[in-house]
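Chains, contacts and geometry: an overview
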Amino acid sequence: ASSHAFLLNALMPVVEFIHPMHRICSVLEARLFHKCLDIVLQPLKVAARIGRMMSDPAGNLHHCFTLLAAYIVDTPEACMLACVRGKTSLVTMASYKDFGDAFQHERHTGARTLSQLSRIQCDPNDVERYFALCKDFRLSSIAEPFWRYRNWPLSDPANFLMPEPLHHWYQKFWDHDVQWCKNALGAPELDFRYSILHPIVGMRHFKDGITALKQVTGRAQRDMQRFMVAVIGGAASRDVVIAVRALMDFRYLAQAPRITSIIQDRIQATLVEFHNHKDKITEEGLRRGAESGSALNHWFIPKLELMQSVAPSISELGAPVQWSADTTEHAHIEVIKEPASMMNHQNYDTQICRYLDRVERCRLFKTATRLSTLGDADDTHDQDLAVEDDGAEDDELNMADDEDAMAILKDIWSSRRSVPDFFGVAEKLRAALPGSIPHPVRTFSSGATALRVNRRPSIKCISIDKAAELFDIPDLRGALADYLSREGPHAQNFHSFGRQRHSPPGAHLPFSDLQVWYKVRLQQKSYHDSSSLEPVFTINACPPQSYMEMPSDSTLMIASVGHTVVDVRLIMCPISPRGLRLVWDDRLLVYVRQFNIVPQQQANVDLATGLHVLKRVTCTSGEFLGDVLPLDQIKSYAHLVPHFGEAADNRFTSTNGFHSAQSFWLNRYFDKEFYYALSL
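Residues numbered from 1 in each chain as written. Predicted model: local features only at pLDDT ≥ 70, side-chain atom pairs only at ≥ 80, totals over all residues. Heavy atoms only, no water.

Digging into helix α22 (residues 672-679)
- Counted residue by residue, α22 has six buried out of eight residues, so it is predominantly covered.
- Those residues of α22 that fall on the buried side of the exposure criterion are Lys672, Glu673, Phe674, Tyr675, Tyr676 and Ser679.
- Elements in contact with the buried residues of α22: α7 (165-185), α9 (218-232), α10 (238-254), α11 (261-277), β14 (636-638) and β16 (663-666).
- At the N-terminal end of α22, a side-chain oxygen is found 3.0 Å from the backbone nitrogen of Glu673, two or three residues along, and the residue is Asp671. (Buried < 20%, exposed > 50% of the residue type's maximum accessible area, 1.4 Å probe, protein only. Helix = DSSP H or I, 4+ residues; strand = E, 2+ residues; numbered from the N terminus. Contact = heavy atoms within 4.5 Å. Polar contact = N/O pair within 3.5 Å; in protein donor to acceptor, adjacent residues only side chain to side chain.)

In structure tokens form, the structure reads like this:
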């Protein structure tokens, strides 16, 4: 949608029927919708039967058949398209009493629906009687579905109505999972735990909690999911936590862009695990009516039954994440809502089409003029440039032209929210001529991780002792001395934790001043696709007294060095004394404090939450264990949530909760890429 790839095909009529029965009015609306679809999609049906010659991007012609592969809709509209009534599965033969079963029921195919319709001996125009006769088959009395086989070969609702993540999974999380957790912990406790989580740049901070929210978007639901398992861990009963965690694993695994047979089996296994522990939710009275508030002992949840169809559908339709309604929702904004907001609310059809036509013409004109300007500039440059080696220079110029042209097209046609490419910047800096860029290099990459600090340090020059006092790092001088003794003359060693401090606190160093940065930005490549870049995360390392003054959108991230989780406390670079050049003065360093995994019963993770429990490492004297490492040794970001226990300390706030907690959850649900790295 953000690439303007969608075109408006038709506007469906919105009518008000005057029949006194509301249910019959709904039937008439559904019949009208099917009839409109039958008319609008007629060219595709013809092409599906006899084929049509189409050209690919290279201009080659192919004989194509337009089969109905997928129809992306929410649950109520999907039921309308499948021609079934409410409280009935749209893809299986399950009724509402079977929605809580731990297995997939027999598929409700389009052929079965058409066969049932053929057995109804009544004129479809007698709507009330026809509706009554359809009750035995749990059909919605639509006599002529738009997808009927003789008009559209191989079209079947059981196939093209695929799992839809936004409405089927995210909405279910808000409607049910959040309510179970609220009832398990109590609304005040759940809200308080969310409110004291440390704010993170680019993500919503629920400073007032989550239970009183009214307008909840898919983005807000996603941000809630990041923390829910860690928030309820240790407070809700074990089986309830396992059930909530199993559904969370289901959502994260099912949203993977590439799903193997092993992941497919794990998706199904998470559902089995949920059904094995779900009874505890009803036993504790956590599942309650939305209006009555009374405890419910049944599982009449349509979206829960639809989850049984996810794993089988992957073999037929591929990864479910490609069918999310996020794309079509954004397309609806661009081709309907935005044009409608620019008009006088008269003659919608003509005004919307005219608006879209003019916007596209302006975009094409802008593309043509900017590309033409680029070509004119290149011609002028070629006339003024004397070239000896024509072949080599032409190749370089052509590559530059291609890059400029792609930049123009990307600027005009791509998403408004572009992801920066730290890897590309690092590669250019690596290839730059010596002396043409400042040292230390501010942007660099190591493997699948790229790091970037600001060009200007937050503190241009500060003595080591003052930095130790400002950042509350009493062993900074000793840690630097140990680093230099391990580093040797080559400055290329890999440093590990756990070594005893050898240097005294007042150890002599070959330098006396440091450059200091308050933050570093980190970017990683996608776990499933190394050519895809992930959004940037910020790791803050401000002085301790600044945490209380940090803006609400700041973040405290924990970096993972190899297989060790650390707290980044200081980002620095030694300054060589005047007249000398040290081997370390072009390498960024970090002072970090280590976390250790707390062994659990029979496993390294908590069996209920599936999360690692961490504690800060301390020396025999009780002081936190710290060390100095090269910044490029940070390989990933991580997120820790305080282990609140049965009741969170009411003295905690969003600024002091992390620093006051004694133990933490390593929250693998914080980000899907991080989840895949730890779970797959």
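Alright, that's what it looks like, and here's the rest.
Description of the layout of surface pockets
- When its volume is computed, the second largest pocket comes out at roughly 1400 Å³.
- Looking at the second largest pocket, it is lined by 33 residues, and the ones nearest its centre are Ala10, Tyr71, Ile72, Glu77 and Thr328.
- If you list the elements that add at least two residues to the lining of the second largest pocket, you get α1 (22-40) and α15 (325-341).
- Among the elements that line the lining of the second largest pocket, the one with the most residues is α15, at seven residues.
- Classifying every residue of the lining of the second largest pocket by side-chain character gives 26 nonpolar, four polar and three charged. (1 Å grid on protein atoms, 1.4 Å probe; cavity = no way out; pocket = protein on both sides within 12 Å on 5 of 7 lines; lining within 4 Å. Points joined across faces, edges and corners; volume = space filled by probe spheres on them. Nonpolar A, V, L, I, M, F, W, Y, C, P; charged D, E, K, R; others polar.)

Structural notes on the nonpolar core
- If you look at the biggest cluster of nonpolar residues, it comprises 97 residues, and the most contacted ones within it are Tyr194, Met224 and Met228.
- Sorting elements by how many residues they give to this core places α10 first, with twelve residues.
- Excluding residues within four positions of it along the chain, Tyr194 makes contact with His205, Phe206, Gly209, Ile210, Met224, Phe227, Met228 and Val231.
- Grouped together as the second largest cluster of nonpolar side chains are 30 residues, Cys79, Met80, Leu81 and Leu139 included. (Core = buried A, V, L, I, M, F, W, Y, C linked by side-chain atoms within 4.5 Å.)

Comments concerning the sheet that holds strand β7 (residues 519-524)
- Overall, antiparallel pairing links the four strands, which are arranged β3-β4-β7-β8 in an open sheet. Looking at which strands have only one partner, the edges of the open sheet turn out to be β3 (443-446) and β8 (537-540). Geometrically, the sheet is characterised by an average inter-axis angle of 25° between neighbouring strands, direction not taken into account.
- In terms of strand pairing, β3 meets strand β4 (residues 449-452) through four bridges, oriented antiparallel. By the bridge assignment, Ser445 is partnered in β4 with Ala450. (Pairing = 2+ DSSP bridges. Axes fitted to C-alpha atoms, helices over the stretch in contact; angles between N-to-C directions.)

Here we look at α9
- Under the 1.5 Å per step criterion, the end-to-end length of α9 is 21 Å for 15 residues, consistent within 8% with the ideal 21 Å.
- For α9, a buried count of twelve out of 15 residues is recorded, marking the element as mostly surrounded by other parts of the structure.
- Listed as buried for α9 are Ala220, Gln221, Asp223, Met224, Gln225, Arg226, Phe227, Met228, Val229, Ala230, Val231 and Ile232.
- Of the surrounding secondary structure, the elements contacted by the buried residues of α9 are α7, α8 (187-195), α10, β15 (640-642) and β16. (Expected span 1.5 Å × (residues − 1).)

Re empty space enclosed by the protein
- Applying the stated criterion to the full structure yields four cavities of 30 Å³ or more.
- Contributing to the lining of the second largest cavity are Tyr194, Leu197, His198, Pro199, Ile200, Met203, Arg204, His205, Phe206 and Phe227.
- Within the lining of the second largest cavity, the residues separate by chemical class into seven nonpolar, two polar and one charged.

Quick look at the side chain of His167
- Note that His167 resides in helix α7.
- In this structure the side chain of His167 is engaged in a polar contact, spanning 2.5 Å, whose partner is the side chain of Glu164.
- Among all residues touching His167, those that are not within four sequence positions of it are Asp74, Lys172, Lys303, Ala325 and Glu329.

So, a nonpolar patch on the surface
- Judged by side-chain polarity, Phe65, Leu67, Tyr149 and Leu154 come together as a nonpolar surface patch covering roughly 430 Å² of accessible area.
- Inspection of the secondary structure puts Phe65 in the loop between β2 (61-64) and α3 (75-82).
- By relative accessible area, Phe65 is classed as partly exposed at 42%. (Patch = residues over 30% accessible without salt bridge, like charges linked within 9 Å, V, L, I, M, F, W, Y side chains within 5 Å. Areas by Shrake-Rupley, 256 points an atom, 1.4 Å probe, with all protein chains shown as cover. Salt bridge = Lys/Arg side-chain N within 4 Å of Asp/Glu carboxyl O.)

Thoughts on the packing of aromatic side chains
- All told, the structure shown has 24 aromatic pairs when counted by the stated rule.
- A centroid spacing of 5.6 Å and a plane angle of 85° characterise the contact between Trp180 and Trp299, whose relative ring orientation is edge-to-face. Of this pair, Trp180 sits in helix α7 while Trp299 sits in the loop between α12 (279-283) and α13 (302-306), and the two are 119 residues apart along the sequence. For the pair Trp180 and Trp299, a shared accessibility class is recorded, and that class is buried.
- With centroids separated by 5.5 Å and ring planes inclined at 90°, the aromatic side chains of Phe595 and Phe664 adopt a geometry described as edge-to-face. You can see Phe595 sitting in strand β11 (residues 589-597) and its partner Phe664 sitting in strand β16, a full 69 residues away along the chain. (Phe/Tyr/Trp six-rings, centres within 6.5 Å; stacked < 30°, edge-to-face > 60°.)

Notes on the packing of α7 against α10
- It is the contact of α7 with α10, at a shortest axis distance of 11 Å, that shows an interaxial angle of 165°. The angle between α7 and α10 falls in the class roughly antiparallel. The interaxial crossing formed by α7 with α10 has left-handed handedness. Residues Trp169, Lys172, Phe173, Asp177, Trp180 and Cys181 of α7 form the contact with α10, whose participating residues are Val244, Leu247, Met248, Phe250, Arg251 and Ala254.
- When the residues that make up the contact of α7 with α10 are grouped by side-chain class, the tally is nine nonpolar, no polar and three charged. (Parallel < 35°, antiparallel > 145°, perpendicular 65-115°, else oblique. Left-handed = near helix turned anticlockwise from the far one by under 90°.)

Examining unusual backbone geometry
- Cis geometry is found at the peptide bond from His439 to Pro440, where omega equals 0°.
- By secondary structure assignment, the location of Pro440 is in the loop between α18 (422-430) and β3.
- Phi angles above zero are rare outside glycine, and Leu154 is one such case at about 65°.
- With respect to the helices, strands and loops of the structure, Leu154 is situated in the loop between α5 (127-133) and α6 (157-160).
- Phi at His345 is positive, roughly 60°, even though this residue is not glycine.
- Here His345 is to be found in the loop between α15 and α16 (348-384).

Considering the pattern of salt bridges
- This model, assessed by the stated rule, comprises 18 salt bridges.
- A salt bridge links Glu273 to Arg245, with the nearest nitrogen and oxygen atoms 3.0 Å apart. Of the two residues, Glu273 sits in helix α11 while Arg245 sits in helix α10, which places them 28 residues apart along the sequence.
- Taking relative accessible area as the criterion, Arg245 reaches 8% and is therefore assigned buried.
- A salt bridge links Asp649 to Arg651, with the nearest nitrogen and oxygen atoms 2.8 Å apart.
- The partly exposed category is assigned to Asp649, whose relative accessible area is 25%.
- Relative accessible area serves as the criterion here: at 64%, Arg651 is assigned to the exposed category.
- Three or more residues joined by partner-sharing salt bridges are found here, namely Arg245, Asp249, Glu273 and Arg668.

Describing the environment of Arg266
- Turning to its location among the elements, Arg266 is positioned in helix α11.
- Overall, Arg266 belongs to the partly exposed group, its relative accessible area being 30%.
- Residues Arg266 and Phe250, spaced 16 residues apart in sequence, show a C-alpha to C-alpha distance of 8.2 Å.
- With sequence-adjacent residues up to four places away left out, Arg266 is seen in contact with Leu253, Ser679 and Leu680.
- One polar contact links the side chain of Arg266 to the main-chain carbonyl oxygen of Ser679, over a distance of 2.7 Å.

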